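In case you want the letters, here they are:
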Amino acid sequence: MLTPLKEFATDIRIQQMEEFKARGFGHVGGSLSITDCLAALYGGIMRIDPKNPNWEDRDRLVVSKGHSGPALYAALALKGYFPLETLKTLNQNGTTLPSHCDRNLTPGVDMTTGSLGQGASTACGMALGLKLSGKDSRVYLILGDGECQEGQVWEMALFAAQHKLGNFIAFLDYNKRQLDGYVTDICDLEDPAAKFESFNWYVKRIKGDDPDKIYETILETQKNQKDRPAMIVLDTVKGGGVKQIEDTTLNHHLNMTTELADEIIKQLIKQKEG
Amino acid sequence: MFKCIYNGEKETKAGKTVFGETIRKMIEEDPQVVYLDADLMNSIGTSGLEKSFPNQVIEVGIQEANMAGLSGGLSAVGKKPFMHTFASFAGRRCYDQVFISIAYAKNNVRVIGSDPGITSAYNGGTHMPFEDICLYRAIPHSTVIEFTDSAMTAALLPVIKERPGLTYCRLSRKNCIAIYSEDSVFEPGVANILRDGKDAVIFACGYMVSESLKAAETLEKEGISTAVVDMFTIKPLDTAKVLEFAEKTGAVVTAENGNVVGGLGAAVAGFLSETRPTPVIRVGVKDEFGQVGTPEYLAGVYGLTPADVVAAVKKSISLKK
Ligand SMILES: Cc1ncc(C[n+]2csc(CCOP(=O)(O)OP(=O)(O)O)c2C)c(N)n1
């Protein structure tokens, strides 16, 4: 039997595959690898009201690696922000679900992203604004490891610590791969936890494939970060949770045949049934 | 000399394949060539080159601003850098670095921006460059080129390798509609007359060249004789040809796969209004952001179809004195 959070994560994976299947291609690898983090966030961590996506006192999430929108859309649909059927319109002409997150098109999406690095600053700006207004809402941010090659991420890291943003928790989806290959071969992050620590952030590093563990770690972080921004480094696998995709070396953007999607969906349903 | 082979068919090779082959050839022939990319080598047909030519191919990672600065520095010590990213990021994500560290500092760098305008299709609004021509035009002394097809890409890249200053090139990574024979030769700054005509002229670039040729065929059937000129060099503008055809036809249309603000149409209209005031109708994106969709769908949304060009030609003729 799966825990409720693991079941939620599996459902998010199933719905993502439905999206890719309907469109025939997409950013599969990096969507799958943030799924367990999304399951924790939308499975109880975030203060939200799907019936009122623009509720002023909600927590916010910025998926800065905006190409992972399909994972976020699946989570939002499962939470009731919009019908599951809508997922089949991913990237169709005139859709509300574009390949990169768009706050003006999709209910529940808090920030427009897709130009890597920029979500880091907008999330930080939201945390700053909420703090300045005396609100107790929190801001969550998901960064890619390749994305952290952008200088903007590190400018934000300096700023967030300087401004003591204790309402701000970032995740690094440390799946070790980017578009062209392995982060180590291209421009290495080495030990990102140590880097953020030296920037005076509160830092945790855990395996990122267990939503229950992520959930716990977030609660613990909220308790202990005090007035520091927090970074939770998630050791993940690009394509995480779907063996066939994990094993595909260049799995950033993939064609998705109906056969492959159905095979994966069947596999995931079996996991749920134990 | 060039030869126009247009018949409405697509090229057999994708733009990215030809780009990758040409970059490889230049690297083999000229040890001073350095190719830089910001994690888009898989998208543009250059992946693997960094393994074969580690001293000439640099995979920088996702850091366009750093890449532009690096290119300026490489030029300053005698290298011939080519840097590539999507046209959206080539314009927006490193503009100050390109402006100062490359152009103002008088370094010689070729910037390649791929997926121009609606050809970025499913990548959507964040990735859909309608503004890059405007941005690069606004940099003093820059050269701005849009490759019309792969034959041009292969022929012009080696020419641009020796060009001083900042050169920006828009490049489609998909299969373009074939316009030129493979043995065509091109000269930056010299526009190509693809079709003569006496009632109106269309100055087009990039994706809109084939759409303008289609439009001219339709107009021909209606008895309207329309010239089509490929303005692949948007800056410096071939003012002699603009003037010649404005005088000859008295009705001018421009067509580009980008925002009309600051683009090819703005260049042509600006020049003509100061030399020989002539009605200029601009076909292009009317100050809008991008979105996801097929190029065909997006051409309809943004008014970039042959029918839009036909309508513009008729309007320009109706405005003739
Ligand atoms: C500024 C910018 N440069 C380039 C791109 C193109 N691009 C999209 S995703 C990607 C790779 C992202 O790698 P990473 O952050 O590690 O994400 P993941 O591997 O987790 O999907 C690139 C280069 C972009 N979207 N934005």
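Basis of the calculations
- Residues numbered from 1 in each chain as written.
- Chains lettered and ligands numbered in written order.
- Predicted model: local features only at pLDDT ≥ 70, side-chain atom pairs only at ≥ 80, totals over all residues.
- Heavy atoms only, no water.
- Helix = DSSP H or I, 4+ residues; strand = E, 2+ residues; numbered from the N terminus.
- Rg over C-alpha atoms; globule rule 2.2 N^0.38 Å.
- Buried < 20%, exposed > 50% of the residue type's maximum accessible area, 1.4 Å probe, protein only.
- Contact = heavy atoms within 4.5 Å.
- Areas by Shrake-Rupley, 256 points an atom, 1.4 Å probe, with all protein chains shown as cover.
- Pairing = 2+ DSSP bridges.
- Axes fitted to C-alpha atoms, helices over the stretch in contact; angles between N-to-C directions.
- Right-handed = clockwise from strand over helix to strand, strands pointing away.
- Domains from an automatic or database assignment.
- Buried area = accessible area lost by both parts, 1.4 Å probe.
- Salt bridge = Lys/Arg side-chain N within 4 Å of Asp/Glu carboxyl O.
- Polar contact = N/O pair within 3.5 Å; in protein donor to acceptor, adjacent residues only side chain to side chain.
- UniProt positions renumbered as here; feature names shortened; annotations may be inferred.
- Near = heavy atom within 4 Å.
- Nonpolar A, V, L, I, M, F, W, Y, C, P; charged D, E, K, R; others polar.
- Parallel < 35°, antiparallel > 145°, perpendicular 65-115°, else oblique.
- Left-handed = near helix turned anticlockwise from the far one by under 90°.

With respect to the overall build of chain B
So, point 1. Of the regular secondary structure elements, chain B holds 13 helices and 12 strands.
So, point 2. Scaling as 2.2 N^0.38, a compact globule of 321 residues should have a C-alpha radius of gyration of about 20 Å, and chain B matches this with 19 Å.
So, point 3. When each of the 321 residues of chain B is scored for burial, the buried share is 61%.
So, point 4. Sequence-distant contacts in chain B: of pairs separated by 6 or more residues, those separated by 24 or more amount to 80%.
So, point 5. Summed over all atoms, the accessible surface of chain B reaches about 11,800 Å², with 55% contributed by carbon and sulfur.

A look at the sheet that holds strand 5 (residues 202-207) of chain A
Residue and element names in this part refer to chain A.
So, point 1. Judged by pairing direction, the sheet is parallel, and its five strands sit side by side in the order 2-3-4-6-5 without closing on themselves. The outermost strands of the open sheet, each flanked by one partner alone, are strand 2 (60-63) and strand 5. Between one strand and the next, the sheet's axes are offset by a mean angle of 15°, whatever the strand orientation.
So, point 2. Note that strand 3 (residues 139-144) and strand 4 (residues 168-174) share six bridges and pair parallel. Looking at strand 4, one finds that Leu143 is bridged to Leu172.
So, point 3. Packing against the sheet, helix 5 (residues 118-132) makes contact with strand 2, strand 3 and strand 4, and its axis sits at approximately 165° to strand 3.
So, point 4. Those strands touched by helix 9 (residues 211-224) are strand 3, strand 4, strand 5 and strand 6 (230-235), and its axis lies near 170° from that of strand 5.

Some thoughts on the pairing of strand 8 (residues 200-204) of chain B
All names here are of chain B.
So, point 1. Burial analysis of strand 8 places five of its five residues in the buried class, the great majority of the element.
So, point 2. Along strand 8, one buried face is formed by Ala200, Ile202 and Ala204 and the opposite face, lined by Val201 and Phe203, is buried too.
So, point 3. Inspection of the sheet shows strand 8 paired to strand 9 (residues 226-230) by five bridges, in the parallel sense. From the neighbouring strand, Val201 faces strand 9, where its bridge partner is Ala227.
So, point 4. The parallel pair strand 8 and strand 9, bridged by helix 9 (residues 207-221), forms a crossover whose chirality is right-handed.
So, point 5. In this sheet, strand 11 (residues 252-259) lies alongside strand 8 in parallel orientation, the contact comprising four bridges.

Description of the pairing of strand 9 of chain B
All names here are of chain B.
So, point 1. Counting buried residues along strand 9, five of its five residues qualify, which places the element largely inside the surrounding structure.
So, point 2. Direction of pairing for strand 7 (residues 192-195) relative to strand 9: antiparallel, over a ladder of three bridges. Within the sheet, the bridge partner assigned to Arg195 lies in strand 9 and is Val228.

As for the domain arrangement of chain B
Residues and elements named next belong to chain B.
So, point 1. Taken domain by domain, chain B comprises domain 1 (15-171) and domain 2 (192-318).
So, point 2. In this structure, domain 1 and domain 2 have C-alpha centres spaced 26 Å apart.
So, point 3. At the junction of the two partners, domain 1 supplies 29 residues and domain 2 supplies 33 residues.
So, point 4. Broken down residue by residue, the surface that domain 1 buries against domain 2 is led by Ile118, Phe130 and Arg137, which jointly contribute 34%.
So, point 5. Our count for the domain 1 to domain 2 interface comes out at zero salt bridges.
So, point 6. Where domain 1 packs against domain 2, one counts 13 residue pairs in polar contact (both at pLDDT 80 or more).
So, point 7. Those elements giving two or more residues to the side of domain 1 that touches domain 2 turn out to be helix 7 (132-137), strand 5 (143-146) and helix 8 (150-161).

Brief notes about the UniProt feature "domain: Transketolase N-terminal" (unreviewed entry) in chain A
So, point 1. Taking the UniProt record as the reference, the feature "domain: Transketolase N-terminal" (unreviewed entry) is found at residues 7-253 of chain A.
So, point 2. The annotated region residues 7-253 of chain A carries 40% helix and 13% strand content, and the separation between its end C-alpha atoms amounts to 26 Å.

Things to note about the site of the ligand
So, point 1. Taken together, the neighbourhood of the ligand is formed by 25 residues, with His67(A), Asp145(A), Arg177(A), Lys238(A) and Glu64(B) sitting nearest.
So, point 2. Between Lys238(A) and the ligand, the recorded distance is 2.6 Å, taken from a side-chain N or O atom to an oxygen atom.
So, point 3. A total of 600 Å² of accessible area belongs to the ligand in isolation, and the protein chains cover 99% of it.
So, point 4. Partitioning the shell around the ligand into residue classes produces five nonpolar, 10 polar and 10 charged.

Digging into the pattern of salt bridges
All names here are of chain A.
So, point 1. This model, assessed by the stated rule, comprises 37 salt bridges over all chains.
So, point 2. Among the salt bridges present, the one from Lys204 reaches Glu220, with a minimum N-O distance of 3.1 Å. One end of the pair, Lys204, is in strand 5; the other, Glu220, is in helix 9, with 16 residues separating them in the sequence.
So, point 3. Members of the salt-bridge network, linked through shared partners, are Lys176, Asp191, Arg205 and Asp235.

Observations concerning the packing of helix 1 (residues 4-23) of chain A against helix 11 (residues 258-273) of chain A
All names here are of chain A.
So, point 1. With their axes 9 Å apart at the nearest point, helix 1 and helix 11 run at an angle of 170° to one another. Our classification of the angle between helix 1 and helix 11 gives roughly antiparallel. As helix 1 packs across helix 11, the resulting crossing turns out to be left-handed. Between helix 1 and helix 11, the contacting residues are Glu7, Thr10, Asp11, Arg13, Ile14, Met17, Glu18 and Lys21 on the first element and Thr258, Ala261, Asp262, Ile264, Ile265, Leu268, Ile269, Gln271 and Lys272 on the second.
So, point 2. Here the residues of the contact of helix 1 with helix 11 sort into seven nonpolar, three polar and seven charged.

Observations regarding unusual backbone geometry
So, point 1. A cis amide bond links Lys235(B) to the next residue, Pro236(B), at an omega of 0°.
So, point 2. Along the chain, the position of Pro236(B) falls in the loop between strand 10 (233-235) and helix 10 (239-249).

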